[in-house]
Amino acid sequence: MFRKILIANRGEIAVRIIRACRDLRISAVAVFSEADAAALHVRLADEAYSIGPASSTQSYLNIESIMAAAERSGAEAIHPGYGFLAENAEFARAVEEAGLIFIGPPPEAMEVMGSKTSARRAAIEAGVPVVPGTTEPLRDYEEARETAIRFGYPVMLKAAAGGGGKGMRQVESEAELRSAFDAAKSEAASAFGSSDVYLEKVVDRPRHIEIQIFADMQGNFVHLGERECSIQRRHQKVIEECPSPVNEPYLRERMGEAAIKIARAVDYVGAGTVEFLFSDTSREFYFLEMNTRLQVEHPVTELVTGIDLVREQINVAAGTSLSFRQEKVRWRGHAIECRVYAEDPESNFFPSPGRITFLRVPSGPGIRDDSGVVEGAEVSIYYDPMISKLAAWGRTRAAAIDRMRRALDEYAIGGIKTTLSFFREIVRDEEFIAARLDTGFISRFNQRRKERPLERPHPAGGSQAASLHQDIATIAAALSYVRSQSRRSTNHVPHEESKWKMAGRVAGLNRTALKRSSEHP
Amino acid sequence: MKLRASIGDHQTDIQILDQASLLNADIDGRRYELKVLELDGRGYLFISDGRVFDCRVEGQLESGRTIDVIVGTEPYAIAITDPKRLRGSKAVDTRTIEAAHLVAPMPGKVVRILVEVGEQIDAGSGIMVVEAMKMQNEMKSPKAGVVAALNVQVGATVNRGEVLAVVE
């Protein structure tokens with residue numbers, strides 16, 4: 001087993017990996033940019049090395065400077081987390097060439113799956129169905145236009161090197177194609193360094209279901225079931241569940257087998273996720289892509305299977321075989337995760353960076369919060385605005401929703417806008433409770449919200465309670481004003497204040513002081 | 001103390017008597033008596049007739065300025081105006097934001113400009129694309145009109161609140 005692991009990441013995932021290192025008595029090495037010098041992942045680490053300025057291209061994406069930190073620390077392995085360099089084959093090779101172990105799949109597997117077009121080819125060869133689309137990047141706008149006509153609108157433009165919804169645009173008609181094509185290319189270029197985009201037909205009311213797979217160096221392949229990730233906005237997942245409310249053992253088995261076929265085809269090692277689109281109407285599924293890393297939403301699988309995926313990743317990278325066999329995997333209960341973003345749901349999910357002035361994290365039965373921040377932390381403009389992942393487990397989906405609702409109401413983050421308020425409404429939404437999920441859920445939810453403004457989540461009572469709460473809020477605001485004024489006037493005496501009032505106040509203060517000293521002699 | 005509170009378009013008069021651990025308030029004739037505990041200077045715990053109200057107050061309190069008060073999980077944006085401080089400053093209304101100004105809602109970088117000065121545009125049409133937190137966001141015109149000014153160039157870093165363009 002390793003003695004020391006360097007974590008080439010930041011935020012909640014760096015914290016998550018440090019925790020797994022602690023469990024295994026492995027020393028954890030953090031790296032940080034100038035913007036993260038006081039970040040939680042640095043504070044929790046045994047060692048930490050600065051790797052450059054705030055901009056991620058100069059720090060968390062800077063292979064040279066991360067390798068220098070690895071050498072200085074004497075780490076034997078590097079865990080890339082997700083995002084940044086996690087799916088960068090060049091980085092994986094650099095790690096191997098330096099004589100260290102990359103905690104992830106072989107670079108060759110990453111390369112095949114890293115390009116969505118070659119991943120599609122690999123899936124077709126493995127006999128797994130794919131969504132109709134191009135297998136090569138589009139040469140130019142004209143080719144995009146012709147292909148779109150061939151498949152019929154709506155179509156989806158996607159960055160070949162993409163992920164996380166960046167460089168991705170759904171196009172409803174030819175009128176939108178030009179600007180969507182340019183935007184997708186430019187976003188792809190700035191996010192992934194490659195402006196290659198390709199085109200896919202849009203599947204009607206699709207569910208986004210993914211299969212967690214795991215492989216070791218001894219050639220064992222297993223799957224840990226599915227995650228439902230249909231609730232997305234801007235093609236980014238916001239709520240994930242395990243199992244999918246579809247929850248059919250037969251379907252899980254078929255999708256699991258398909259996922260393993262794809263993983264085998266590229267000699268996969270470690271944790272990976274095979275994403276599928278599932279059509280609710282036809283009950284068919286199509287390969288979408290494979291993520292050759294740990295997923296953001298891995299906690300829901302951990303809660304339901306009881307298997308620690310990061311611990312397993314480290315074990316497998318150290319050459320140990322998987323600690324469980326396929327027949328031993330059991331799915332118990334239901335888990336839901338909400339991704340808490342520093343974004344303003346009231347203004348189109350615009351990023352809301354800033355200082356976290358107040359933080360109260362929920363806990364209690366069935367609740368898990370994977371966070372990368374503490375009170376006082378600065379949510380910077382340089383990185384992804386996700387600040388934590390709140391997960392709830394229950395024996396049934398309904399029980400998990402109950403716990404999630406309770407935890408969301410308990411969660412309080414001050415100083416910045418977050419998506420917490422949005423989730424509080426979703427867990428009360430009838431369609432969500434009834435599990436009518438597909439990737440169009442959020443836009444329909446927003447429409448419902450506009451038409452029939454949801455009742456504000458109250459502990460009790462209808463509009464009467466609303467006006468009561470409004471009065472209480474008004475009182476709190478007025479009291480703050482009154483107290484800030486009196487604090488100000490005790491600091492520097494305003495001229496309009498009468499001498500009598502001042503004398504009275506001083507006397508009052510003396511009285512309290514006297515009272516205090518008599519209480520505590 | 002007599003104050004005026006506005007929540008959105010709704011205005012109320014509030015009279016408040018602060019007696020440290022006890023508070024009396026009158027809002028448009030509705031009377032409240034609350035037990036008060038100040039929470040670390042960032043909020044209050046009120047108990048009224050046994051009911052608990054956990055309140056957080058965010059933002060700098062000044063007469064006429066909007067602050068956020070969160071009661072439990074519900075946020076309220078409230079501006080308190082002090083009639084005594086209104087003398088001579090009649091323009092306290094913070095809501096007079098020029099609808100024709102396109103303002104950067106957060107710091108970012110201009111990656112593309114989609115219109116030219118003098119161009120006729122519709123409400124909601126894209127004016128420029130600003131990248132922040134790795135996402136590109138199209139800044140849309142708040143109204144139909146003519147692009148009167150473009151204050152930034154491609155590649156420029158903009159700050160929150162900066163006027164990016166003017167539509168007349």
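Residues numbered from 1 in each chain as written. Chains lettered and ligands numbered in written order. Predicted model: local features only at pLDDT ≥ 70, side-chain atom pairs only at ≥ 80, totals over all residues.

**With respect to the interface of chain B and chain A**
Every contact between the two is made by 44 residues of chain B and, on the other side, 40 residues of chain A. Counting residues per element, the side of chain B that touches chain A draws most heavily on strand β6 (residues 51-58) of chain B, at five residues. Of the residues assigned to the side of chain B that touches chain A, the class counts are 29 nonpolar, five polar and ten charged. (Contact = placed C-beta atoms within 7 Å. Helix = DSSP H or I, 4+ residues; strand = E, 2+ residues; numbered from the N terminus. Nonpolar A, V, L, I, M, F, W, Y, C, P; charged D, E, K, R; others polar.)

**Description of the domain arrangement of chain B**
When the domains of chain B are assigned, the result is domain 1 (2-85) and domain 2 (101-167). Centre-to-centre, using C-alpha coordinates, domain 1 of chain B lies 37 Å away from domain 2 of chain B. (Domains from an automatic or database assignment.)

**Here's the deal with helix α4 (residues 89-97) of chain A**
Buried within α4(A) are the following residues: Ala89(A), Phe91(A), Ala92(A), Ala94(A) and Val95(A). At the exit of α4(A) stands Gly99(A), carrying a positive phi of roughly 85 degrees. (Buried ≥ 20, exposed ≤ 12 C-beta atoms within 10 Å, placed from the backbone.)

**Digging into the confidence of the model for chain A**
Residues and elements named next belong to chain A. For chain A, mean pLDDT is 90; residues scoring 70 or higher make up 91% of the total. Between residues 493-500, whose pLDDT stays under 50, and residues either more than four places distant or in other chains, the model counts four contacts. Across residues 510-521, confidence stays below pLDDT 50; counting only partners more than four residues off in sequence or on other chains, it has zero contacts. (pLDDT = per-residue confidence, 0-100.)

**Comments concerning the confidence of the model for chain B**
All names here are of chain B. Confidence in the prediction for chain B averages 84 pLDDT; 92% of positions are at 70 or higher. Below pLDDT 50 for its whole length, residues 88-99 participates in nine contacts with residues either more than four positions away or in separate chains. Across the assembled chains, the prediction reports ipTM 0.73 with pTM 0.79.

**Some thoughts on the environment of Lys134(B)**
Among the structural elements, Lys134(B) can be located in the loop between β12 (126-132) and β13 (135-140). By C-beta crowding, Lys134(B) is classed as partly exposed, having 18 other C-beta atoms within 10 Å. Separated by 93 residues in sequence, Lys134(B) and Gly41(B) have C-alpha atoms that sit 35 Å apart. When near neighbours in sequence (up to four residues on either side) are disregarded, Lys134(B) contacts Lys166(A), Ala191(A) and Asp384(A).

**Thoughts on the sheet that holds strand β7 (residues 66-71) of chain B**
Residue and element names in this part refer to chain B. Spatially, the eight strands close up into a barrel ordered β1-β2-β3-β4-β5-β6-β7-β8, and their pairing is antiparallel. Each strand axis lies, on average, 35 degrees off the axis of its neighbour in the sheet, ignoring direction. Of the strand pairs in this sheet, strand β1 (residues 2-7) and strand β8 (residues 74-81) are connected by four bridges, and their pairing is antiparallel. Its bridge partner lying in β8, Arg-4 is registered against Thr-81. (Pairing = 2+ DSSP bridges. Axes fitted to C-alpha atoms, helices over the stretch in contact; angles between N-to-C directions.)

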